[in-house]
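In case you want the letters, here they are:
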Amino acid sequence: MTRGVLCSTVCLILSLAVASSADAGAEPPNRSSIRGDGMLLIDGEPVFPIGIYTATLNGEHCATMAELGFNMVTTGGDANDAYFKAAEDAGLYILAPHYIWATFRADNADVDLNKHEDAGFRHAYRYKNQSQRTIIESLDRWDDLPNVIGWSLSEEPKAAYIEPLEFMHELVKSRSPAHITTMISAEKVWYHIFRNATDVLIVDVYPYRPGDRVQPEISTYELVSHAVKAMDGKPVWLMPQGGCMWKNWENVPPMTLANYRNQAYLGLIAGAKGYFMFSHPTVSHFGKLDKATEDQQWAKIGQVVAELNKLSPILCDGRVSDEVRLSTKTPGGKGLPPLSRVLAYDGRYYLLIANIGSEPIRVQVLGTNYGYPYAFNVSKFVGSDGLRVEGVESGDAMQTVNDTKRQELPTIVIDPDSSGVFELTRRPAPDLETNE
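Residues numbered from 1 in each chain as written. Predicted model: local features only at pLDDT ≥ 70, side-chain atom pairs only at ≥ 80, totals over all residues. Heavy atoms only, no water.

The next thing to look at is the pattern of salt bridges. Taken as a whole and assessed by the stated rule, the structure comprises twelve salt bridges. With a closest N to O distance of 2.8 Å, Asp89 and Lys85 form a salt bridge. Within this pair, Asp89 and its partner Lys85 are both found in helix H3 (residues 81-89), separated by four residues, close to a single helical turn. Overall, Asp89 belongs to the exposed group, its relative accessible area being 55%. A salt bridge links Lys173 to Asp199, with the nearest nitrogen and oxygen atoms 2.8 Å apart. Of this pair, Lys173 sits in helix H6 (residues 162-175) while Asp199 sits in the loop between strand E8 (180-185) and strand E9 (200-204), and the two are 26 residues apart along the sequence. With a relative accessible area of 21%, Lys173 lands in the partly exposed category. The class of Asp199 is buried, set by a relative accessible area of 13%. Each of Arg35, Asp37 and Asp317 takes part in salt bridges that share partners, so that together they form one network. (Salt bridge = Lys/Arg side-chain N within 4 Å of Asp/Glu carboxyl O. Helix = DSSP H or I, 4+ residues; strand = E, 2+ residues; numbered from the N terminus. Buried < 20%, exposed > 50% of the residue type's maximum accessible area, 1.4 Å probe, protein only.)

A word on the packing of helix H7 (residues 218-231) against helix H8 (residues 257-270). The interhelical angle for the contact between H7 and H8, taken along N-to-C directions, is 30°, at an axis separation of 8 Å. Here H7 lies roughly parallel to H8, going by the angle between them. The interaxial crossing formed by H7 with H8 has right-handed handedness. Two secondary-structure elements touch here, H7 through Thr220, Tyr221, Val224, Ser225 and Val228 and H8 through Gln263, Leu266, Gly267, Ile269 and Ala270. Within the contact of H7 with H8, the residues separate by chemical class into six nonpolar, four polar and no charged. (Axes fitted to C-alpha atoms, helices over the stretch in contact; angles between N-to-C directions. Parallel < 35°, antiparallel > 145°, perpendicular 65-115°, else oblique. Left-handed = near helix turned anticlockwise from the far one by under 90°. Contact = heavy atoms within 4.5 Å. Nonpolar A, V, L, I, M, F, W, Y, C, P; charged D, E, K, R; others polar.)

Here it is in structure tokens:
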């Protein structure tokens, strides 16, 4: 065999080996990752997750969820092939699930986590979900399906289970490096413990429980805000309450549009990078409601989802800004300002704001500095009817120390139980020669 033939033969063998290796490790249909600012990327493009933990296991409602404006779904560990096909047909991204509620409970037939003789990695390999599949079996079955962009690996686990949770995360990332992982937790004191067990922490906050277990709406802001700090750069998604998920909630009044909207905006103001509504799959989404009332509830949810879709480009690529000065006007200087966050996007500013108090709040929108206090025009972008622009207010700008800053200042009003977004655009600076 001549040297040239030998070289050609070796090159052919190497080429075939490389091709075979490439086929064996082919990338999944949808690549997902987390950008440096915490935003989800799918195939390199930013996507604001507007997801729902669906109230179905066979995918019967996936098309309806897509029509309402959701772009992503997940469910429990007993998902089936029909569910994945229905979500794909509806054009929804999928977080493939592999967990039982309160993941890694000690009563799992195959794993007793109250004993620590075995390594966490062995636990992760052996752990089975409701359908009695191991994580390897789940990955082999669904990881390469169209629209699967990640894996939901645990729901409300105990902090004591952190070792196998971390191993589960690493196991999935080793076999599916182009997909993200998520986990769900409601436990504020444990958020920092879970940081190395997931790419995304989903914080479930359900403040609308009946009776003695009721939580105030401010819990949504407090828990998400704390999670953002505890995750130290990794993204946090909000999981708001969708309906009455438990069987003993049948007599609770249906949630209001303000309930749904306030949850969403409080989470966004606190720094959430995604929205993933909870809807339990084993009971009716809203409890026992008549069809007309149930349709009304979905219409309320759809209205909030539509606002989130309108906001999506801003939430994806806007940057947090301190260039807008707000001055809350309260009687005698007493009282607290509304919760707010400003995002700069495409040459404009977007003020996310919420008033969950019992009195209207008036806010002057000042300029970027004392020499130019009237720098912005303001209009409502999305949100409650209780958000309005009162016009301009003649007089001294608040936060000034003398009478030289008297201007026409935009004033906004946020009524009680109201939340949403104002759009701010810069005014042209006046010509100092003509004062125009």
